[in-house]
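Summary of structural features
If you want the building blocks of each chain, they are given just below.
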Amino acid sequence: MSPKLCHFGCTWTYTYNWPIQKGDAVLRVPTKLMIIADSIPTTFTKQFPEDMAIQALLAAYLTHGDAEDLSKWELWRKSWPSRQDFADSMPILWPTVLGGPKWPPSNDKNENVVDLNRPGFFPPSISGRWNSLNPGPKTRNYELDHQNILPKQVRLLSKAWFDVVAVYPETEWDTFSYHWLIVNTRSFYWIGLGQEAPEDPNDAMGLVPFADYFNHADVAVCSFSSGTGGVLCFWTDSTHSEM
């Protein structure tokens, strides 16, 4: 009675052959297998500036870390989406003719990666520009935490790129940007025991092998916590019939 990892087209998912009751543990992952800042050798991390974002550090490690150290995640990495999957679905990799950014960033850090004069095909909540829709009358104030998504992500990825190539000039753009997108789409919010929550939630990221299949729903169907013995435990929030 163990879960199976199944592939449907371009999607991987878990299937179970028995009913799952609310509160059942469906996955346990030793925390020592997580990819977090504290698990990266200090000989690697000390090469980078102190203000380097966590997602940039994790992506740099996946790109330039020791091959032997990274080998323990080889099976899990084979189940990740491809870079082409990201290019097909994520505006941050779309061509400039559709309003996507111009990659990779040039050495001129002041150059705009996104052409603000080009008509866009994204809603203002993504692009941060009102050149695809006519703004209506403002009837309320909006918080910007989840607005202007594309420009924010472009700034983060651009800085990450400059931080990495300053140490590894031979870095391949496609490889690093792929790992950066892996980190940003498959991470869990993670704070180690005894650590305070950082001001920026992006600095509380961690990759959990195989648990990332539970991390892609608008409404959570499971919860997780760091249990005893250094194990991350996932359990269901509701009862599920046979899957």
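Note that the structure is a prediction, hence the values are computed from the model and not measured.

Looking now at the pattern of salt bridges. Evaluation of the coordinates by the stated rule reveals five salt bridges. One salt bridge connects Lys159 with Asp51, and the closest N-O pair in it is separated by 3.7 Å. Linking Lys159 in helix H7 (residues 149-165) with Asp51 in the loop between helix H1 (42-45) and helix H2 (54-64), this pair joins segments that are 108 residues apart in sequence. For the salt bridge of Arg186 with Asp212, the shortest nitrogen-to-oxygen distance reads 2.9 Å. Here Arg186, found in helix H8 (residues 173-186), pairs with Asp212, found in the loop between strand E5 (205-206) and strand E6 (222-226); they are 26 residues apart in sequence, far enough to count as distant. The buried category is assigned to Asp212, whose relative accessible area is 0%. The network of salt bridges with shared partners includes Asp51, Lys159 and Asp163.

This part covers the packing of H2 against H8. Two quantities define a packed helix pair, namely the angle between the axes and the distance from one axis to the other. Where H2 meets H8, the closest approach of the two axes is 8 Å, and the angle between their N-to-C directions is 130 degrees. With respect to H8, the axis of H2 lies oblique. In this structure, the crossing between H2 and H8 has a hand that is right-handed. Where H2 abuts H8, its residues Gln55, Ala56, Leu58, Ala59, Ala60, Leu62 and Thr63 lie against Thr175, Phe176, His179, Trp180, Val183 and Asn184.

So, about the nonpolar core. Ranked by internal contacts, the top residues of the largest apolar core, which has 41 residues, are Ile35, Phe44, Phe48, Ile92, Phe176 and Trp180. Mapped onto this core, the elements with two or more residues apiece are H2, helix H5 (83-89), H7 and H8. Once you skip the residues sitting within four places of it in the chain, Trp180 turns out to touch Gln55, Ala56, Ala59, Ile92, Gln153, Leu156, Leu157 and Ala160. Among the nonpolar cores identified, the runner-up in size contains nine residues, and Val29, Met34, Ile36 and Phe188 belong to it.

This next bit is on unusual backbone geometry. Note the cis peptide between Trp103 and Pro104, where omega equals -10 degrees. Within the fold, Pro104 resides in the loop between H5 and helix H6 (124-127). Non-glycine residue Phe210 carries a positive phi angle of around 65 degrees. Along the chain, Phe210 turns up in the loop between E5 and E6. Here Phe210 falls in the partly exposed class, since its relative accessible area comes to 23%.

Positionally, Ser158 belongs in helix H7. When its relative accessible area of 9% is taken as the criterion, Ser158 is described as buried. Here the side chain of Ser158 touches Val154 through a polar contact of 2.8 Å, landing on its backbone oxygen.

Attention now moves to a nonpolar patch on the surface. A contiguous nonpolar surface patch, about 290 Å² in accessible area, is contributed by Val97, Leu98 and Phe121. Structurally, the position occupied by Leu98 is in the loop between H5 and H6. Given a relative accessible area of 32%, Leu98 falls into the partly exposed group.

So, about the packing of H7 against H8. Interaxial distance between H7 and H8 falls to 11 Å at its minimum, and their mutual angle equals 130 degrees. With respect to each other, H7 and H8 are oriented oblique. Considering only the axes of H7 and H8, their crossing is right-handed. Judged by residue contacts, Gln153, Leu156, Leu157, Ala160, Trp161 and Val164 of H7 engage Trp173, Phe176, Trp180 and Asn184 from H8. Here the contact of H7 with H8 is composed, by residue class, of eight nonpolar, two polar and no charged.

So, how was this worked out
- Residues numbered from 1 in each chain as written.
- Predicted model: local features only at pLDDT ≥ 70, side-chain atom pairs only at ≥ 80, totals over all residues.
- Heavy atoms only, no water.
- Salt bridge = Lys/Arg side-chain N within 4 Å of Asp/Glu carboxyl O.
- Helix = DSSP H or I, 4+ residues; strand = E, 2+ residues; numbered from the N terminus.
- Buried < 20%, exposed > 50% of the residue type's maximum accessible area, 1.4 Å probe, protein only.
- Axes fitted to C-alpha atoms, helices over the stretch in contact; angles between N-to-C directions.
- Parallel < 35°, antiparallel > 145°, perpendicular 65-115°, else oblique.
- Left-handed = near helix turned anticlockwise from the far one by under 90°.
- Contact = heavy atoms within 4.5 Å.
- Core = buried A, V, L, I, M, F, W, Y, C linked by side-chain atoms within 4.5 Å.
- Polar contact = N/O pair within 3.5 Å; in protein donor to acceptor, adjacent residues only side chain to side chain.
- Patch = residues over 30% accessible without salt bridge, like charges linked within 9 Å, V, L, I, M, F, W, Y side chains within 5 Å.
- Areas by Shrake-Rupley, 256 points an atom, 1.4 Å probe, with all protein chains shown as cover.
- Nonpolar A, V, L, I, M, F, W, Y, C, P; charged D, E, K, R; others polar.

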